[in-house]
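# Understanding the architecture of this molecule
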Amino acid sequence: MEKTAVAQILEEIGTYLELLGENPFKVKAFTGAARIIETLEGDLASLVASGEIKGIKGIGPATRDVIAELVSQGRSSVHHELKAGIAPGLIEMLEISGLGPKKIKAIHEGLGISSVGELEYACLENRLATLAGFGAKTQEKILKGIALRKAFRGRHLYVDALPSATRILSELERHPDVIRVALAGSMRRRMETVKDLDFVASSAHAERVMADFAAHGDVAEVLAHGPTKSSIRLSNGLQVDLRVVTDTEFPFALHHFTGSKDHNEAMRSRAKGLGLKINEYGLFRGAELISCQDEHDFFRELGLDFIPPELREGLDEISQAERHGLPELVKEAEIQGVFHVHTTYSDGTATLERMAMEAQALGYSYLGISDHSQAATYAHGLTRDRIREQHAEIDALNARLDGLRILKGIEADILADGSVDYDDATLEGFDFVIASIHSRFGMDQARMTERMVTAIRHPRVTMLGHMTGRLLLAREPYALDLETIFREAAAHGVIIELNANPHRLDIDWRHLRRALALGVRISINPDAHSVDGLKDVGIGIGIARKGGAAATQVFNTQSLEDVLAHLSRRRAPASI
Ligand code: DGT
Ligand code: CA
Ligand code: CA
Ligand code: ZN
């Protein structure tokens, strides 16, 4: 067992003793020993075996027994028994900042509270403020702590973690003792949500890098501070892990901490089959390290093409890499224009002209405007008069804009029966139609699927918007038979949007893989409601890559000419 793990168990024993109201000297014996073990030189197991541990000041007989058991058994019966005797809710309460074992004991005894939920409720009812030794201020602080704990426990949207990731990466890059550094973990794999940030750096002076990392300006809490691994909590609640290794170890550590776990497992078993061994420190044949300059070398040594981090999810990426069959993933620079853009005509915050200026500044050659249709009254859906006004403005802008063509579109509601908002003549007046569901999410799967299939078969529908309706960390997708939808979309040449709004990222990359396999074409759409929203395309690219999309499978990598040719091809109504 590692020293840090031993220290943590000792610390927890101290906390539990305190929670149980044991005498302070006994508590101190354990928490003090935890401090000593953390900073101890040399190997703990051999110190125990040789008996040298007896000579270490501050480690008495009781703690010594616990340490010996931890080293030999990997567990402590004292720890185990103490924990079993305490209500789990009280142990959870320890996670609330501003709340230690003494206060928890008082709350438990004074108010009969033994869970976080009960505690929150009691605070809201102002009951904690009246408890002896507590007051309105403490109550306020504890409520804040509970709110923070909620925020800190969950996962974070990729987009919410991105600014911290970018800033910390550039700080580490500038550190004089850092040789190489990279973002790893789920963030590097471009997952839609992340638990924490992971960085891997190489240095000949790990302790200096770690000291500066722990002293980072934005640190709310240092969770662990060791020579090779440290974890901090930023003020926004995000946890950040940093591993520092030697430069020789860097490619192996980067690969290991990029994950995913499933990918790593598959890689390990591949290595095994080749008579090799992988861990975070290297690739070995027997005791011999096979040196690698970077991850490219690492994959090559295992007989594989380089696997982009987005694809490292333990699916079929290794067999694809083995037979040179990995997809050539779409890149942001290949995007030539965007669809699904709202303006002040409906619920956007920027005018049509401003959106056009921004699209031009981003170098796009087309901009597909699609405000809401009239059924979306909550979003000021366009009446036919407003459509005429907007089209006139688009014509005027197109006449004077250089290099950008604004396309006339609409985000038309798919009504409950699968019909598309507006009559056919009105729909005929658009360059493209995005059909989306914005109401009646609760239908059963059969009816919902039928509803969407009906929309797909409408000859004026160009693409489906945010197809499953999910909101990340907030709303589940509605019930749909995806396989049927994908087959219908492919058969009718209807494009499926990859909605790049970071709260949606809909369709899910896991399903995108299947859609592409069935021949569906996608469009990476920002669903922008503001000027900044246009930049979400970059987030969508990450998801498209995770889904294995190549540029040829993405509609908006096409030139304006090809896009116009596609849009002018009118589909015949489905004959059923
Ligand atoms: P997250 O943080 O839940 O969004 O996802 P990850 O993948 O970033 O997970 P994290 O931060 O726990 O660990 C980073 C990587 O380290 C993970 O993708 C693979 C590697 N790793 C961590 N724990 C294990 C493990 O127990 N076994 C293996 N094979 N790899 C691990
Ligand atoms: Ca992570
Ligand atoms: Ca982590
Ligand atoms: Zn929408």
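Residues numbered from 1 in each chain as written. Chains lettered and ligands numbered in written order. Predicted model: local features only at pLDDT ≥ 70, side-chain atom pairs only at ≥ 80, totals over all residues. Heavy atoms only, no water.

Right, let's talk about the pattern of salt bridges for a bit. Taken as a whole and judged by the stated rule, the model has 35 salt bridges. As a salt-bridge pair, arginine 510 and glutamate 192 come within 2.7 Å of each other at their nearest N and O atoms. With arginine 510 in helix 22 (residues 509–517) and glutamate 192 in the loop between helix 11 (185–188) and strand 3 (193–194), this residue pair connects regions lying 318 residues apart in the sequence. Note on glutamate 192: relative accessible area 5%, which makes it buried. (Salt bridge = Lys/Arg side-chain N within 4 Å of Asp/Glu carboxyl O. Helix = DSSP H or I, 4+ residues; strand = E, 2+ residues; numbered from the N terminus. Buried < 20%, exposed > 50% of the residue type's maximum accessible area, 1.4 Å probe, protein only.)

What follows deals with the domain arrangement of the protein chain. As assigned here, the protein chain comprises domain 1 (3–142), domain 2 (154–246), domain 3 (248–326) and domain 4 (332–569). Taking only C-alpha atoms into account, the centre of domain 2 sits 23 Å from that of domain 3. Domain 2 puts 17 residues into the contact, and the matching count from domain 3 is 17 residues. Buried area between domain 2 and domain 3, both sides added, is near 1,400 Å², and the carbon and sulfur share of it is 59%. Sorting the residues of domain 2 by area buried against domain 3 places Arg180, Arg188 and Arg189 first, and these three jointly supply 47% of that buried surface. (Domains from an automatic or database assignment. Contact = heavy atoms within 4.5 Å. Buried area = accessible area lost by both parts, 1.4 Å probe.)

What follows concerns the coordination of the calcium ion (ligand 3). Bound to the calcium ion (ligand 3) are the protein donor atoms Asp196 (OD), Asp196 (OD), Asp198 (OD) and Asp241 (OD), situated 2.3 to 2.9 Å from the metal. Mapped onto the sequence, the donors of the calcium ion (ligand 3) take the spacing D-x1-D-x42-D. A separation of 3.6 Å is found between the calcium ion (ligand 3) and the calcium ion (ligand 2), both of which receive a donor from aspartate 196. Judged on exposure class, the residue aspartate 196 and its partner aspartate 198 are both buried. (Donors = N, O, S within 2.8 Å, 3.2 Å for Na, K, Ca; no water.)

For the rest of this paragraph, the subject is unusual backbone geometry. Negative phi characterises most residues that are not glycine, and trans characterises most peptide bonds. Cis geometry is adopted by the peptide bond preceding serine 260, which originates at glycine 259 and carries an omega value of -5 degrees. Structurally, serine 260 can be placed in the loop between helix 13 (250–258) and helix 14 (261–273). Of note, the amide linkage connecting aspartate 506 to isoleucine 507 takes the cis form, showing an omega dihedral of 20 degrees. For isoleucine 507, the location among the structural elements is in the loop between strand 16 (495–499) and helix 22. A positive phi angle is found at arginine 440, which is not glycine, with a value near 55 degrees. Among the secondary structure elements, arginine 440 is positioned in the loop between strand 14 (432–436) and helix 20 (445–457).

Where strands meet in a sheet, backbone hydrogen bonds hold them as pairs that are either parallel or antiparallel. A sheet is described by the order of its strands in space; here seven strands give the open sequence 11-12-13-14-15-16-17, paired in parallel fashion. Single-partner strands in this sheet number two, and they are strand 11 (337–341) and strand 17 (522–525). One ladder, built from three bridges, connects strand 11 with strand 12 (residues 366–372); its direction is parallel. The residue bridging valine 338 from the neighbouring strand is leucine 367, located in strand 12. Lying over the sheet, helix 24 (residues 560–568) contacts strand 11, strand 12, strand 13 (405–413), strand 14 and strand 16, oriented at roughly 40 degrees with respect to strand 13. (Pairing = 2+ DSSP bridges. Axes fitted to C-alpha atoms, helices over the stretch in contact; angles between N-to-C directions.)

Attention now goes to the environment of glutamate 41. Take glutamate 41: it is sitting in the loop between helix 2 (24–38) and helix 3 (44–50). The contact partners of glutamate 41, leaving out residues within four places of it in the chain, are Lys3 and Leu47.

Right, let's get into the coordination of the zinc ion (ligand 4). The zinc ion (ligand 4) binds to the protein through Glu411 (OE), His438 (NE2) and His466 (NE2), with metal-donor distances spanning 2.0 to 2.3 Å. Between consecutive donor residues of the zinc ion (ligand 4), the sequence gaps follow E-x26-H-x27-H. Taken together, the residues glutamate 411 in strand 13 and histidine 466 in the loop between strand 15 (463–464) and helix 21 (482–492) connect sequence positions 55 residues apart. Using a relative accessible area of 2% as the deciding quantity, one classes histidine 466 as buried.

A few words now on the site of ligand 1. Lining the immediate surroundings of ligand 1 are 16 residues, of which Arg155, Ser186, Arg189, Lys195 and Asp196 lie closest. In the model, an oxygen atom of ligand 1 is placed 2.9 Å from a nitrogen or oxygen of the arginine 155 side chain. Serine 186 places a polar side-chain atom, nitrogen or oxygen, 2.5 Å from an oxygen atom of ligand 1. When ligand 1 is considered free in solution it has 590 Å² of accessible area, and contact with the protein chains removes 75% of it. Secondary structure elements with two or more residues in the shell around ligand 1: helix 11, helix 13 and helix 14. Looking at the shell around ligand 1 residue by residue, the classes come out as two nonpolar, seven polar and seven charged. Formed jointly, the shell around ligand 1 draws a minimum of three residues from each of two domains, domain 2 (154–246) and domain 3 (248–326). (Near = heavy atom within 4 Å. Polar contact = N/O pair within 3.5 Å; in protein donor to acceptor, adjacent residues only side chain to side chain. Areas by Shrake-Rupley, 256 points an atom, 1.4 Å probe, with all protein chains shown as cover. Nonpolar A, V, L, I, M, F, W, Y, C, P; charged D, E, K, R; others polar.)

With that out of the way, let us pick up the sheet that holds strand 9 (residues 282–285). One open sheet accounts for three strands, arranged 8-9-10; its pairing is antiparallel. Because the sheet does not close on itself, it has two edges, and the strands there are strand 8 (277–279) and strand 10 (288–289). Sheet topology note: the strand 8/strand 9 ladder contains three bridges and is antiparallel. Residue lysine 277 lies in a different strand from strand 9, and its bridge partner there is phenylalanine 284.

Among the six residues in strand 4 (residues 197–202), six count as buried, and that is most of the element. Judged by which residues are buried, strand 4 turns out to be covered on both faces: Leu197, Phe199 and Ala201 on one side and Asp198, Val200 and Ser202 on the other are all buried. Relative to strand 4, strand 2 (residues 180–184) runs antiparallel, the two being bridged by five bridges. Bridge assignment links alanine 182 to a residue of strand 4, and that residue is valine 200. Both strand 4 and strand 7 (residues 239–245) contribute to a ladder of six bridges, which runs parallel. Residue pairing in the sheet places serine 202 in a bridge with valine 245 of strand 7.

With 95 residues, the main nonpolar core has Leu367, Leu464 and Met467 as its most contacted residues. Residue-level mapping places this core at the junction of two domains, with at least three residues from each of domain 2 (154–246) and domain 4 (332–569). Those residues within four positions of leucine 367 in sequence are excluded, and the remaining contacts are Val338, Val341, Met355, Ala356, Ala359, Leu404, Arg405, Ile406, Leu407 and Leu534. Core analysis: the second largest hydrophobic core is formed by 41 residues, Tyr16, Phe30, Ala34 and Val66 among them. (Core = buried A, V, L, I, M, F, W, Y, C linked by side-chain atoms within 4.5 Å.)

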